[in-house]
Amino acid sequence: MPATDTAARPDTAARPDTGARTDEAADLISGARDRIDSLDDRIIGLIQERMAVSAVIQEARITSGGRRVNLSREMEVLGHYREALGKPGTALAMTLLELCRGRV
């Protein structure tokens, strides 16, 4: 029976949790996923910080007799995200604005 080169053959059971077929790819994916998880934690923290700052602004506006929401400012935010990220940026900005509205 001839010897087979196992290194050249993909290991279909390398790490099924990653979807990879080689240990090398699985290691790369696992490391990248750890980095994404860390980035997601930072993004969530920044969103929470944004929500707190937005609440301060809304409280000041309402206390001074103004409206809770400033639509022209929201349009600026939507435009900023759309310019930076394209059409999906608008959806992201809408979600952020929704998270930050009405907390006061």
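The rules behind the values
- Residues numbered from 1 in each chain as written.
- Predicted model: local features only at pLDDT ≥ 70, side-chain atom pairs only at ≥ 80, totals over all residues.
- Heavy atoms only, no water.
- Helix = DSSP H or I, 4+ residues; strand = E, 2+ residues; numbered from the N terminus.
- Expected span 1.5 Å × (residues − 1).
- Buried < 20%, exposed > 50% of the residue type's maximum accessible area, 1.4 Å probe, protein only.
- Arc of directions from axis to C-beta.
- Contact = heavy atoms within 4.5 Å.
- 1 Å grid on protein atoms, 1.4 Å probe; cavity = no way out; pocket = protein on both sides within 12 Å on 5 of 7 lines; lining within 4 Å.
- Points joined across faces, edges and corners; volume = space filled by probe spheres on them.
- Axes fitted to C-alpha atoms, helices over the stretch in contact; angles between N-to-C directions.
- Parallel < 35°, antiparallel > 145°, perpendicular 65-115°, else oblique.
- Left-handed = near helix turned anticlockwise from the far one by under 90°.
- Nonpolar A, V, L, I, M, F, W, Y, C, P; charged D, E, K, R; others polar.
- Patch = residues over 30% accessible without salt bridge, like charges linked within 9 Å, V, L, I, M, F, W, Y side chains within 5 Å.
- Areas by Shrake-Rupley, 256 points an atom, 1.4 Å probe, with all protein chains shown as cover.
- Salt bridge = Lys/Arg side-chain N within 4 Å of Asp/Glu carboxyl O.
- Lys, Arg positive; Asp, Glu negative; His and termini not counted.
- Charge placed at Lys NZ, Arg CZ, Asp CG, Glu CD.

Q: When you look at helix α3 (residues 87-100) in this model, what are you seeing that I'm missing?
A: Taking 1.5 Å per residue as the helical rise, α3 with its 14 residues ought to reach 20 Å, and the 21 Å between its terminal C-alpha atoms agrees with that figure. Among the residues of α3, G89, A93, L96, L97 and C100 are the ones counted as buried. Along the axis of α3, the buried residues cluster in a sector spanning 100°; they form a single face. Among the exposed residues of α3, those oriented more than 90 degrees off its buried face are K87, P88 and E98. If you follow the buried residues of α3, they end up packed against α1 (23-63) and α2 (71-85).

Q: Would you mind going over the layout of surface pockets with me for this structure?
A: A volume near 300 Å³ is recorded for the largest pocket. Every residue lining the largest pocket is counted, 15 residues in all, and those nearest its centre are R50, S54, I57, R73 and L97. No other element matches the six residues that α1 contributes to the lining of the largest pocket.

Q: How should the packing of α1 against α3 be read in this particular structure?
A: Two quantities define a packed helix pair, namely the angle between the helix axes and the distance between the axes. Remark: α1 packs on α3, axes separated minimally by 9 Å, with the N-to-C direction vectors making an angle of 55°. Considering the angle they form, α1 stands oblique to α3. Classified by chirality, the crossing of α3 by α1 is right-handed. On α3, the residues that touch I47, R50, M51, S54 and Q58 of α1 are L96, L97, L99 and C100. Of the residues in the contact of α1 with α3, the class split is six nonpolar, two polar and one charged.

Q: Could you clarify how one ought to interpret a negative patch on the surface in this entry?
A: Among the surface-exposed residues, D34, D37, D40 and D41 lie close enough to one another that they form a single negatively charged patch. Take D41: it is sitting in helix α1.

Q: Just to check I follow, could you spell out the pattern of salt bridges for this structure?
A: Between side chains of opposite charge, a pair can form as their charged atoms come close. Taken as a whole, this structure holds two salt bridges when the rule is applied. Residues E76 and R73 are paired through a salt bridge, measuring 3.2 Å at the closest nitrogen-oxygen approach. With E76 and R73 both in helix α2 and three residues apart, this pair spans about one turn of that helix.

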